Each structure stands twice: as structure tokens, then as C-alpha cells.
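# Structure at a glance
Single-letter residue listing:
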Amino acid sequence: MNPDDGGQETIAQKCTDASGGKYRIKTSLLPSDAPGQREQLIRRLASHDSSIDIMSLDPVFVAEMAQADYLAPVPARYEQEFTEGVNEASVDSSTRQDQLVAAPFWANTQLLWYRKSVAKEAGLDMSNPVTWDQVIAAAQKSDRLLGAQGIRAESLTVWVNALVESGGGHIVENPDVERPEDVKLGLDSEAGKKAAEVVGTIGKEGLAGPTFSNLDENNTMLGFQGDDGGFMVNWPFVYAAMKKGAEEGTLDKSVLDDVGWALYPRVDADRASAPPFGGIELGVGAFGEHQAESFEAVKCIRSKDNQIEYFLTDGNAPSLLAAFDDSRIREELPAAATIKQSLAMAKARPTTPYYNEVTGGVQKTWHPPQDVSPDSTPADAANYIYEVLRGERLL
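Residues numbered from 1 in each chain as written. Predicted model: local features only at pLDDT ≥ 70, side-chain atom pairs only at ≥ 80, totals over all residues. Heavy atoms only, no water.

## Focus: the packing of helix α4 (residues 76-83) against helix α13 (residues 291-301)
- Between α4 and α13, whose axes approach to 11 Å, the crossing angle comes to 15°. Classified by the interaxial angle, the pair formed by α4 and α13 is roughly parallel. For the pair α4 and α13, the sense of crossing is left-handed. Where α4 abuts α13, its residues Tyr78, Glu81 and Phe82 lie against Phe295, Glu296, Val298 and Lys299.
- Residues that form the contact of α4 with α13 fall into these classes: four nonpolar, no polar and three charged. (Axes fitted to C-alpha atoms, helices over the stretch in contact; angles between N-to-C directions. Helix = DSSP H or I, 4+ residues; strand = E, 2+ residues; numbered from the N terminus. Parallel < 35°, antiparallel > 145°, perpendicular 65-115°, else oblique. Left-handed = near helix turned anticlockwise from the far one by under 90°. Contact = heavy atoms within 4.5 Å. Nonpolar A, V, L, I, M, F, W, Y, C, P; charged D, E, K, R; others polar.)

## Let's talk about the sheet that holds strand β6 (residues 145-147)
- A sheet is described by the order of its strands in space; here four strands give the open sequence β6-β7-β5-β8, paired in mixed fashion. Edge positions in the sheet fall to β6 and β8 (259-262), since each of these pairs with one other strand and no more. Taking the axes of each pair of neighbouring strands and ignoring which way they run, one obtains an average angle of 15° across the sheet.
- Relative to strand β7 (residues 229-234), strand β5 (residues 111-115) runs antiparallel, the two being bridged by four bridges. Its bridge partner lying in β7, leucine 112 is registered against valine 233.
- Packed on one face of the sheet, helix α7 (residues 132-142) meets β5, β6 and β7 and runs near 150° to β7.
- Contacting β5, β7 and β8, helix α11 (residues 237-248) crosses the sheet at an angle of about 135° to β7. (Pairing = 2+ DSSP bridges.)

## With respect to the packing of helix α8 (residues 154-166) against helix α17 (residues 355-365)
- Viewed as axis vectors pointing N to C, α8 and α17 meet at an angle of 90°, and their least axial separation amounts to 9 Å. Comparing their axes, α17 and α8 come out roughly perpendicular. Contact residues: α8 offers Glu154, Leu156, Thr157 and Val160, while α17 offers Tyr355, Thr359, Val362 and Gln363.
- Taken together, the residues that form the contact of α8 with α17 break down as four nonpolar, three polar and one charged.

## Examining the environment of valine 255
- Along the polypeptide, valine 255 turns up in helix α12 (residues 253-257).
- For valine 255, a relative accessible area of 11% gives the class buried.
- A sequence separation of 29 residues divides valine 255 from glycine 226, and the C-alpha atoms of the two residues are 8.6 Å apart.
- If we skip the residues at most four places from it in the chain, valine 255 touches Arg115 and Gln225. (Buried < 20%, exposed > 50% of the residue type's maximum accessible area, 1.4 Å probe, protein only.)

## As for the side chain of glutamate 64
- In this structure, glutamate 64 sits in helix α3 (residues 62-67).
- Judged by its relative accessible area of 16%, glutamate 64 is buried.
- If we skip the residues at most four places from it in the chain, glutamate 64 touches Arg38, Ile42, Thr352 and Pro353.

## What to know about the sheet that holds strand β10 (residues 317-318)
- Spatial strand order, β1-β9-β4-β10: four strands in an open sheet with antiparallel pairing. Looking at the sheet topology across the chains shown, the edges are occupied by β1 (54-57) and β10.
- As paired strands, β1 and strand β9 (residues 277-284) are joined by four bridges and run antiparallel to one another. Bridge pairing links leucine 57 to glutamate 281 in β9.

## A look at helix α9 (residues 190-204)
- Taking 1.5 Å per residue as the helical rise, α9 with its 15 residues ought to reach 21 Å, and the 20 Å between its terminal C-alpha atoms agrees with that figure.
- Among the residues of α9, those classed as buried are Ala191, Gly192, Lys194, Ala195, Ala196, Val198, Val199, Gly200, Ile202 and Gly203.
- Two residues or fewer after α9 comes glycine 206, characterised by a positive phi angle close to 70°. (Expected span 1.5 Å × (residues − 1).)

## Here's the deal with the nonpolar core
- Trp132, Trp159, Leu187, Ile202, Phe231 and Trp366 are the most contacted members of the largest nonpolar core, which totals 50 residues.
- Elements that contribute at least two residues to this core include exactly β5, α6 (116-122), α7, α8, α9, β7, α17 and α18 (377-389).
- Every residue in contact with leucine 187, bar those within four places of it in the chain, is listed here: Val164, His170, Ile171, Gly192, Lys193, Val362, Trp366, Pro378, Ala381, Ala382 and Ile385.
- Formed by 28 residues, the second largest nonpolar core is a distinct cluster that contains Val238, Phe277, Ala323 and Ile339. (Core = buried A, V, L, I, M, F, W, Y, C linked by side-chain atoms within 4.5 Å.)

## Describing the packing of aromatic side chains
- With the rule as written, the count across this model stands at 13 aromatic pairs.
- A connected cluster of aromatic rings, assembled from ring pairs, spans Trp132, Trp159, Phe212 and Tyr264. (Phe/Tyr/Trp six-rings, centres within 6.5 Å; stacked < 30°, edge-to-face > 60°.)

## Overview of the state of the cysteines
- By the definition in use, this model includes one disulfide.
- Through a disulfide, cysteine 15 is tied to cysteine 300; the S-S separation comes to 2.1 Å. With the S-S bond torsion at -95°, the cross-link from cysteine 15 to cysteine 300 turns out left-handed. Within this pair, whereas cysteine 15 is found in helix α1 (residues 7-18), its partner cysteine 300 is found in helix α13, the two being separated by 285 residues in sequence.
- Overall, the relative accessible area of 0% leaves cysteine 15 in the buried class. (Disulfide = S-S within 2.5 Å.)

## Comments concerning the pattern of salt bridges
- Tallied over the entire structure, the rule returns 19 salt bridges.
- For arginine 390, the salt bridge is made with glutamate 392, and the minimal N-O distance between the two is 3.0 Å.
- One salt-bridge network, held together by shared partners, links Asp133, Lys194 and Glu197. (Salt bridge = Lys/Arg side-chain N within 4 Å of Asp/Glu carboxyl O.)

Listed below in C-alpha cells is the structure:
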């Protein structure tokens, strides 16, 4: 499992107890970063490791695992239960060539977080959807930070993909193809150029601060809650972190009271945004000796009650949309309704078995942000990734 605040281990014990002795779930911790998780799992699965029964998978690696036949297909009797009432991006990320190969567990999405006082000062009406151009103008007018993740890491691909999707495009046009030479990229397009314009403008104008090219999610949050904070795009964990800081006295409560949230910014004023999607899907190992018990355990792990409890304890949102209607969530997590709406709009990163090559190419060519140009970066990125896929270049 991926590291968390202990919620998955608690669920594992609950499901073990509820099984009546049919199975026992033993947890094992993966590295904290997604590439490290992928590497460890692939090395073990490539050797047909039978000790891996259930895996917490980052959505971007499901297609690669399925293409390599490392995942046991979801039995037909579970398909409806694992997909009904689940947000679309979670189902898409759990499916390979129209076959369900994993079970959606928890989901994640990004919001636009803002300081209410700054938005008011800049004359930005946050009761209606806003565009990147509007937020950029507001940050410039108020001389406040506009935080985003400019670090050369998966965070950067998350941002670029959301911008391209919000512009009506796709980084990968045909993610279901099996051969790398058949992959068709959509980066060198109007959507890709508009995405590059947003990234390059924020970088060149210094709107995210002098350390933008090294900003990850945590450092973006620190800048946002500082004296120069204004706006940022980030995952919902930031609210829980700031709330904890206010309770412990490390963050002035007036800062928390000044925090507002809204849907992810639009690229085009007349087109709804496509917020980033993340989370975890549960995969069953193809070489495990207890596949029947594993799928029964997966059913228990991702139950509505467990998804609700996991959201409350660890801050990770349910993939099951009905779970958001629980009164405890509405009371404890004030941004829950916006998170639910955002998840319904969210778009996954490319569900291609060659995602590692795609994200590596994006990170290489869209960094540092201040060098990104709509006239060259989308085309350069596409050419770079094509060369990697053809074996003509190494990442």
C-alpha cells in the first residue's frame, strides 16, 4: 500500500475481522513517491512474485501493469459493484481496453484555493467560474503569489495534463494502442499551446515566486499561507494541514479563516475546466495464490462505510460519489461539496502503458517553467516523446 496516516492499515484489520477467518490482510508499505512504488512493484511482479495479493496502485500505472499481464482481471460478478456510482475518472483509470482490471478505491482532485481578502481586493468574483487569465491578472494586480507545482516531477505532468484537457485536448490521443510506435500525441495543438502559454507566463512573470521550478505541493502550500499568499492550485490535503496548523498554533487562525476554495480555473471562459485526477485503485496480483479471497477483500476495503471513514481520518476523498452525502463529511470537511463537483469533472492523465515515457518526456521539456513557450515547447515535447517511444532516445 501507499503511505498514508494509518487509514489503510485500520481498514485491513477491520476487513480481516469481518471475514470470519476466510482471510487475513497483512499490510506492507511502498515508497512514498509514485515512481518508487512503480519500480518496486514491477520488479517483484516481473519475477512472478506470488506474495503480492492486493496492490494500492497510482492510477497512471494501471494500464502499464495490465498490458504486462501483471493484474488479474476483475471477475464479472464484481464489475457492477466496483463501478456503479463511482466517479468517471476512477473507472477510466481502472479500465484497460474496455476491461476492468482494478477497483476504484479513493479519489483525488485539485481545487483553486484563494485568500478571500486578496480576491476581493483584486476584484475577482469567486462566485462564478474563473479562468487562468483572470487569476493571473488578479495575482499581478494584488502583487500576490499564484502557486502551482513547477518542480520537475510528476506534479508538473499533473498540471500540464489538466491544462491540455481543460483546453479540449489530450496529451495522448489513443491510449489503448499496444505498440509504442502507434502512440499518437496531442501536445502540439492549440490546447497544448494554450497550456504552454499559462505555464510560461507564470514562470516568466515570477508569479509563483523565485523557487517556482522547485515547488512541489507542500512548498506551494507554505507560500500560499505566508504573507505573500494569494492563489494556488493544489490537492485538498492543504486545508487539513492548515487547519491542523491553526489548532496547534503554528498558523495564525486568521489565515485559515481567509481561505476560500473554488473549482479549478478554466483555460477558455466558455469551456468547463478539467481538474487533475489522482487517488488509488486496488489491483489484484496475477500471480497470487489467493485471488478469490483477494477480490472479496477488495470488496470490503472499498465499501462505502470504509471510504467515508478513510476520508474523515486521512483526508482522501471517496471514489464512490454517494459517500459525500454522509453528514459527518459535510460537517468535518467544508470543501467536500466542491471536491465532489470537481471529481465529476476531473480527467485522468493518459491511461497508456507507456505513461512512464510520456511523463518523463513532459517533465524534461516543460521544465523549467520560465523557459516554456507556446511557439516551441509543445512541438519539442512531442518530438522528444516520439523519439523515446521509437527507441531513438533515452529519457
